[in-house]
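# Examination of the molecular architecture
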Amino acid sequence: MNRVEIESVEIELLLQAITKRYGYDFHNYSKASLKRRIIGFLHKSNLEQISELIPRLLHDKGMFRSFLLSLSVTVTEMFRDPNVYVVLRERVIPFLKTFPFCKIWCAGCATGEEVYSIAILLSESGLLDKVQIYATDINDESLQKAELGIYSRTQIQEYTRNYQLTGLEGSFSDYYHASFDSVVMDASLKKNIVFANHNLVSDESFGKMQLILCRNTLIYFNSELQGRVFSLFSESLVNKGFLCLGTKEDIQFSSVSNKFRSIRQNEKLFQLR
Amino acid sequence: MEKCQERQHRIRAVVIGASAGGAKALSEIFSRLSSDFPAAILVVNHLHPHSKTMQMVDYLGHRCKLRMKAADDKETIKPGTIYLAPANYHLLVEADLSLSLTIDEKVNFSRPSIDVLFETAAEAYQDELIGIVLTGGSKDGAAGLKKISDFGGRVIVQDPKTAEAVIMPQSALRECEDAQVMSLARIGDFLRDAVQVEPLAP
Ligand SMILES: C[S@@+](CC[C@H](N)C(=O)[O-])C[C@H]1O[C@@H](n2cnc3c(N)ncnc32)[C@H](O)[C@@H]1O
């Protein structure tokens, strides 16, 4: 066996240990990126071999918590891919308006920037008060940040630019309050958002949604796990409900692809048939 | 019959990293490759996060005979195809020789990062890989090139004297002392020869 093969055995054993001990199952994550993050954690922990992590993580809950955090990629931004918001406004908002009350699920919400972007879109469409948003992730630390809704001021310029590209007509600065080097999202946006821990690998559906957004999370899963999540989503949508994925994610090769039709290929908007 | 020449490893893939001045340098190399080039080529050319990947695909596609496309998540790598990392995504090679995209943190201030592609390709292809660092103004690619060399791959750096931006080739040479230094024209010819498959014995 060469080094790479040995390391892949070590990773297999590590993932098995974690699944048995803590119930988190990372076997079906894309391996190349998972390995980079495991190696990153290994170096931070001043250890040499991947297998040295196994006894440490089995016995040290605190260390496992930080391991979990370092596996989760929390990179996100407000109004990422502004065109998606243009399309949501054109295609999904009119659909939401036909209901007296709606539910939206933002799965893999990381630190919440996307959730607030959706809340702003709803607010400008006059829908904020009749929508319940569920924002879920497996990373509790991210969820706490999301709930606080406090972000660094350094990115506001970029977000403002994104906001302007969405074609929304308000002013982005109306939605946050600046204080020193951070901004606080306006409390009115948070009113109808519930932040909760939900694991797409193992947890079940919790209701029928009009819209599910799950962007740049499935890209970390292999096709098998993606298939599981797509079935979960198809069970969690109302008739004709919408699913919006990240721009590099697609449902077309999954077993449920025939349940959806593609509304916009570039913006990865799908609708349950 | 035993081959008397020094046995050459089959080359299955070429990975190339470029930054400032990259588009021109890449087209100069690609224009020298014929349509039956038998290895896959994976490219990270630093792009602005909002730039249109397809513009670069079209620009380079018009200047070479090989199939050129933006890399897709989970696609199987095919020989004779050039894959370009899309703007704002890292490009990684999986052990089963498929591609992955991620939005992980920037590496060396870059996404896509050359190091991320090179390091994962080194593990997946080991000694069946050629790594090339071209013109650019950052040190991205240096560590990855070293890893390719450590895994038995062949490593090439554009001659800094011919590069539009010298920092990247210089950093790569500092990190990876066994790299061969070549002009762009020479790199094109080298690739043509290195991937030559010997005809099967009858
Ligand atoms: C890259 S972020 C995407 C954030 C946001 N949706 C966006 O597109 O900007 C991916 C998120 O998926 C979460 N995640 C990873 N595995 C998960 C799982 N099994 N269940 C739920 N969330 C998961 C990570 O914790 C991380 O916050």
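Parameters and conventions
- Residues numbered from 1 in each chain as written.
- Chains lettered and ligands numbered in written order.
- Predicted model: local features only at pLDDT ≥ 70, side-chain atom pairs only at ≥ 80, totals over all residues.
- Heavy atoms only, no water.
- Near = heavy atom within 4 Å.
- Polar contact = N/O pair within 3.5 Å; in protein donor to acceptor, adjacent residues only side chain to side chain.
- Areas by Shrake-Rupley, 256 points an atom, 1.4 Å probe, with all protein chains shown as cover.
- Nonpolar A, V, L, I, M, F, W, Y, C, P; charged D, E, K, R; others polar.
- Contact = heavy atoms within 4.5 Å.
- Buried area = accessible area lost by both parts, 1.4 Å probe.
- Salt bridge = Lys/Arg side-chain N within 4 Å of Asp/Glu carboxyl O.
- Helix = DSSP H or I, 4+ residues; strand = E, 2+ residues; numbered from the N terminus.
- Domains from an automatic or database assignment.
- UniProt positions renumbered as here; feature names shortened; annotations may be inferred.
- Axes fitted to C-alpha atoms, helices over the stretch in contact; angles between N-to-C directions.
- Left-handed = near helix turned anticlockwise from the far one by under 90°.
- Buried < 20%, exposed > 50% of the residue type's maximum accessible area, 1.4 Å probe, protein only.
- Pairing = 2+ DSSP bridges.
- Right-handed = clockwise from strand over helix to strand, strands pointing away.

## Some remarks on the site of the ligand
- Taken together, 21 residues lie around the ligand, and Y29, T76, D137, N199 and N216 of chain A are the ones closest in.
- Neighbouring residues of the ligand are distributed over chains A and B.
- At a separation of 2.8 Å, a nitrogen atom of the ligand approaches a polar side-chain atom of N199 of chain A.
- Within the contact set of the ligand, a nitrogen atom lies 2.9 Å away from a backbone nitrogen or oxygen of L200 of chain A.
- Coverage of the ligand by the protein amounts to 98% of the 610 Å² it exposes when considered alone.
- When grouped by side-chain class, the residues that make up the shell around the ligand number 9 nonpolar, 8 polar and 4 charged.

## Topic: the interface of chain B and chain A
- Across the boundary between the two partners, chain B contributes 23 residues, which contact 27 residues of chain A.
- Of the roughly 2,100 Å² buried between chain B and chain A on both sides combined, carbon and sulfur atoms contribute 49%.
- Between the two partners, chain B and chain A, sit 4 salt bridges.
- E123 of chain B serves as the salt-bridge partner of K35 of chain A, at 2.7 Å between the closest nitrogen and oxygen.
- Across the contact surface, chain B and chain A share 14 residue pairs in polar contact (both at pLDDT 80 or more).
- Those elements that provide at least two residues to the side of chain B that touches chain A are β5 (90-93), β6 (99-102) and α3 (114-125) of chain B.
- Among the elements that line the side of chain B that touches chain A, the one with the most residues is α3 of chain B, at 4 residues.

## Here we look at the domain arrangement of chain A
All names here are of chain A.
- Taken domain by domain, chain A comprises domain 1 (3-71) and domain 2 (82-272).
- A straight line from the C-alpha centre of domain 1 to that of domain 2 covers 30 Å.
- Contact residues are listed per partner, giving 8 residues for domain 1 and 11 residues for domain 2.
- Buried area between domain 1 and domain 2, both sides added, is near 950 Å², and the carbon and sulfur share of it is 50%.
- In terms of surface lost to domain 2, no three residues of domain 1 exceed N28, Y29 and L69, which account for 56% of the buried area on that side.
- At the surface where domain 1 touches domain 2, the tally comes to 2 residue pairs in polar contact (both at pLDDT 80 or more).
- Split into classes, the residues belonging to the side of domain 1 that touches domain 2 amount to 4 nonpolar, 3 polar and 1 charged.

## Focus: the UniProt feature "domain: CheR-type methyltransferase" (unreviewed entry) in chain A
- When the UniProt feature table is mapped onto this chain numbering, "domain: CheR-type methyltransferase" (unreviewed entry) sits at residues 1-273 of chain A.
- Taken end to end, residues 1-273 of chain A comprises 42% helix and 19% strand; its first and last C-alpha atoms sit 49 Å apart.

## Looking at the packing of helix α1 (residues 22-30) of chain B against helix α2 (residues 53-61) of chain B
Residue and element names in this part refer to chain B.
- Axis separation between α1 and α2 bottoms out at 9 Å; the angle between their running directions is 40 degrees. For the crossing formed where α1 meets α2, the hand is right-handed. The residues of α2 that touch α1, namely those facing A23, K24, L26, S27 and F30, are M56, Y59 and L60.
- By residue class, the composition of the contact of α1 with α2 is 6 nonpolar, 1 polar and 1 charged.

## Thoughts on the pairing of strand β7 (residues 209-214) of chain A
Residue and element names in this part refer to chain A.
- The element β7 is extensively covered by neighbouring structure, given that 6 of its 6 residues are classed as buried.
- As defined by bridge partners, β7 adjoins strand β8 (residues 237-245) across 5 bridges and the pair is classed as parallel. Among the inter-strand pairings, L213 is bridged to a residue of β8, identified as C244.
- Handedness of the crossover joining β7 and β8 through helix α10 (residues 223-235): right-handed.

## A closer look at unusual backbone geometry
- Note the cis peptide between R111 of chain B and P112 of chain B, where omega equals 5 degrees.
- Mapped onto the elements of the fold, P112 of chain B is located in the loop between β6 and α3.
- One non-glycine residue, A110 of chain A, adopts positive backbone phi at about 50 degrees.
- You can see A110 of chain A is positioned in the loop between β1 (102-107) and α6 (113-124).
- Unusually for a residue other than glycine, N88 of chain B sits at a positive phi of about 75 degrees.

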